[in-house]
Amino acid sequence: MKQALRIGFLPLTDCAVLVAALERGFFEKHGLQVTLHREVSWANIRDRVAFGELDAAHMLAPMPLAATLGIDGLGIPMQAAFSLGLNGSAITLASSLMQAIREHFPQELCTTPMRAHGLKRLLSAQTPRKLVFGCVYPFSQHHYLLQAWLQDAGLVLGQDVEIRVIPPQQMVESLAQGQIDGYCAGEPWNQQAVSRGIGHVAVTSYDLWNNGPEKVLGVTQAWAEANPKTHQALLCALLEAAQWLDNAHNRLRIAELLARPEYLDVPLSLVQPPLLGRYRYAPDEPERLLPDFNVFTRYAANFPWHSHGTYFLAQMHATGQLPTLPADPATLLAKVYRTDLYRVAAETLSLPYPTVDYLPAQQCMAPWVLRAASQPMAMGNNYVALQCLTSPMHTTKPE
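Right, let's walk through the structure included here. As the structure is a computational prediction, the values presented were derived from the model and not from experiment.

A few points about the overall build of the protein chain
Point 1. Along the backbone of the protein chain there are 17 helices and 14 strands.
Point 2. At 20 Å, the protein chain has a C-alpha radius of gyration in line with the 21 Å of a compact globule built from 399 residues.
Point 3. A principal-axis box enclosing the C-alpha atoms of the protein chain has dimensions of 65 × 45 × 40 Å.
Point 4. Excluding contacts between residues fewer than 6 apart, the proportion of contacts in the protein chain whose partners are at least 24 apart in sequence is 73%.
Point 5. Carbon and sulfur atoms form 51% of the exposed surface of the protein chain, whose accessible area is close to 15,100 Å².

Next comes the structure, spelled out in structure tokens:
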């Protein structure tokens, strides 16, 4: 079994499972000697995993699917058998833009969640110009949520709005320099813009899709096939780390670890509150309670749902990234999102796991119980706020 592993991550709060696995000894417990490597962009992570410089990495949930489809520029098949959590990102607007909406169209700030109609009306009322938004990577939940939020208000991509790919840790400075009007990224980069007084959070990813997908552990298909025992040990270590993280008493400790220079390198005050369920949308507003802003294992958060993969395929097609949908999506998703490997790891640790690959519940606005599981599992809301988002829930396999 291969024991020495190099795992990449980006400086985002949702790399917490990897950091906890290393710092709390879960990797070591399962016979692994892991070094974590902080990377500069999602494209860099894709390349280094694809060419074997990294064994595995923190990845955006659609990345392994895009790689396997061959639409990411490299076309090296990848897979994910573990989700690193749910929620955790937000759309932030420049404070000047939010102030203009507040002054001229305050009624547009009264919806929950906030919609982009104020931006649309502002563009219509002022000298026409194109808004510029930052997005972390084309094949990302951030991209799909941002597009849906803008299009919900009638904003036309390419005409009213330009979307530029910017690494998450560069978003705040790009906003400060006036290069972009807003962005969609993970934490702590929204809270940093708010703390500097240059940004207002319009909506979080949880506001738009309660408990939606975010990141996964990605590996190449070739690596997984060559190292099955190592892969299982890795999954077991991460499952234990995720369990540790969703214990409320451990959130304070992980916040302290994440703030360190080798990980996020930001003040603890930016990392800790969201992890404890307290979220600040604007510099002049009190914190709001958002207990599920970061979910690391609750609600079957670590399971690589095929229903999420079906949603990603639909979004890739709707946004023009994938001209033609695959003829056999069920087989494709089974190769990419390895629910079979997840179940083996969960069984090894005597943890509950879903026995179906597709979420059986649609648009739940309250907690519910998943009974199609090795034992009943408590699940959270999964309400999707925007009609223009393709419904992510599927009760049966896609035809």
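There is more to say after this.
Section: the layout of surface pockets
Point 1. Considered as a void within the structure, the largest pocket measures approximately 330 Å³ in volume.
Point 2. Lining of the largest pocket is provided by 19 residues; of these, Leu109, Met114, Ala202, Tyr281 and Arg288 occupy positions nearest its centre.
Point 3. Residue assignment for the lining of the largest pocket shows that the elements contributing at least two residues are helix H5 (95–104), strand S9 (199–204) and strand S12 (288–289).
Point 4. The element best represented in the lining of the largest pocket is S9, accounting for four residues.

As for the packing of aromatic side chains
Point 1. Here the structure, examined in full by the defined rule, presents eight aromatic pairs.
Point 2. Judged by centre distance (5.3 Å) and plane angle (85°), the ring pair of Phe303 and Tyr342 falls under edge-to-face. Here Phe303 is found in the loop between S12 and helix H15 (306–318), whereas its partner Tyr342 is found in helix H17 (residues 339–348), with 39 residues between them in sequence.
Point 3. In this structure Phe303 comes out as buried when scored by relative accessible area, which is 1%.
Point 4. Cluster of aromatic residues (ring-pair linked, three or more members): Trp209, Tyr311 and Phe312.
Point 5. A cation sits over an aromatic face here: Arg288 above Tyr281, 3.7 Å from the ring centre.
Point 6. Positioned above the aromatic ring of Tyr299, the side-chain terminus of Arg298 is 5.5 Å from the ring centre.

Observations regarding unusual backbone geometry
Point 1. Residues Thr112 and Pro113 are joined by a peptide bond in cis, for which omega reads -5°.
Point 2. Its place among the elements puts Pro113 in the loop between H5 and helix H6 (117–125).
Point 3. Glu187 connects to Pro188 through a cis peptide bond whose omega is 15°.
Point 4. Despite not being glycine, Asn87 has its phi angle at roughly 65°, a positive value.
Point 5. You can see Asn87 is positioned in the loop between strand S4 (78–86) and strand S5 (89–94).

Notes on the pattern of salt bridges
Opposite charge on two side chains lets them pair, provided their charged atoms get close.
Point 1. Enumeration according to the criterion identifies 24 salt bridges in this entry.
Point 2. When the shortest N-O distance is used, the salt bridge between Asp246 and Arg298 registers 3.3 Å. With Asp246 in the loop between helix H12 (228–245) and helix H13 (248–258) and Arg298 in the loop between S12 and H15, the pair connects residues that are 52 residues apart, well separated along the chain.
Point 3. Residue classification places Arg298 among the partly exposed positions, given a relative accessible area of 26%.
Point 4. Each member of the salt-bridge network shares a partner with another, and the members are Asp246, Arg251, Asp292 and Arg298.

Details of the sheet that holds strand S6 (residues 131–135)
Point 1. Within the open sheet, the five strands sit side by side as S7-S6-S8-S5-S9. Their pairing is mixed. Each end of this open sheet is capped by a strand with a single partner; those strands are strand S7 (161–165) and S9. With direction set aside, neighbouring strand axes in the sheet form an average angle of 25°.
Point 2. Here S5 pairs with strand S8 (residues 182–186) via five bridges, running antiparallel. Across the sheet, Ser89 pairs through a bridge with Gly186, a residue of S8.
Point 3. In the packing of helix H7 (residues 141–152) onto the sheet, contacts are made with S5, S6, S7, S8 and S9, and the angle to S6 comes to roughly 155°.

Quick notes on the side chain of Gln232
Point 1. Among the secondary structure elements, Gln232 is positioned in helix H12.
Point 2. Those residues within four positions of Gln232 in sequence are excluded, and the remaining contacts are Leu341, Val344 and Ala345.

Notes on the environment of Pro291
Point 1. With respect to the element layout, Pro291 can be found in the loop between S12 and H15.
Point 2. In the structure, Pro291 is positioned 16 residues away from Leu275 in sequence and 8.2 Å away in space, judged by C-alpha atoms.
Point 3. If sequence neighbours within four positions are ignored, Pro291 has contacts with Gly277 and Arg298.

Some remarks on the pairing of S7
Point 1. As judged from the five bridges shared by S6 and S7, these two strands associate in the parallel manner. By the bridge assignment for S7, Gly134 is matched with Arg164.

Considerations on the state of the cysteines
Point 1. Inspection of every chain in the model, using the stated rule, returns zero disulfides.
Point 2. A disulfide-free cysteine, Cys135 has its sulfur positioned 6.3 Å from the sulfur of Cys184, the nearest such atom.
Point 3. Judged by its relative accessible area of 1%, Cys135 falls in the buried class.

Criteria and thresholds
- Residue positions are given per chain, counted from 1 along the sequence in the order it is written.
- In keeping with the predicted nature of the model, local features appear solely for residues at pLDDT of at least 70, side-chain atom pairs appear and are counted solely at 80 or more, and the whole-chain, interface and lining totals rest on all residues.
- Calculation of side-chain values draws on the structure's entire complement of heavy atoms; hydrogens and water are dropped beforehand.
- Under the DSSP-based scheme used, a helix requires at least four consecutive residues in state H or I and a strand at least two consecutive residues in state E, with every element numbered from the N terminus.
- All radius of gyration figures rest on C-alpha atoms, and the globule criterion is 2.2 Å times the number of residues raised to 0.38.
- In this description, contact between two residues means that some pair of their heavy atoms is separated by no more than 4.5 Å.
- Here the Shrake-Rupley method, with its probe set to 1.4 Å, supplies the accessible areas, and only the displayed protein chains count as covering residues.
- As defined here, a cavity is a set of points on a 1 Å grid over the protein atoms alone where a 1.4 Å probe fits but cannot get out. A pocket is an open set with protein on both sides within 12 Å along at least five of seven lines, and residues line them when an atom is within 4 Å of a point.
- Grid points are joined across faces, edges and corners, and a volume is the space filled by probe spheres set on the points.
- Between rings of Phe, Tyr and Trp, where Trp is taken as its six-membered ring, a pair exists when centres lie within 6.5 Å; planes separated by under 30 degrees are stacked, by over 60 edge-to-face, and by other angles tilted.
- Only protein chains enter the accessibility calculation, which uses a 1.4 Å probe; a residue whose area is less than 20% of its type maximum is buried, one above 50% is exposed, and one in between is partly exposed.
- By definition, being over a ring means that NZ of Lys or CZ of Arg is both within 6 Å of the ring centre and within 35 degrees of the ring normal.
- For this document, the term salt bridge refers to a Lys or Arg side-chain nitrogen within 4 Å of an Asp or Glu carboxyl oxygen.
- Only strands that DSSP links by at least two bridges are regarded as paired with each other.
- Between the N-to-C directions of two axes lies an angle of 0 to 180 degrees, each axis being a line fitted to C-alpha atoms and, for a helix, fitted only over the stretch in contact.
- Here, two cysteine sulfur atoms that lie within 2.5 Å of each other are counted as a disulfide.

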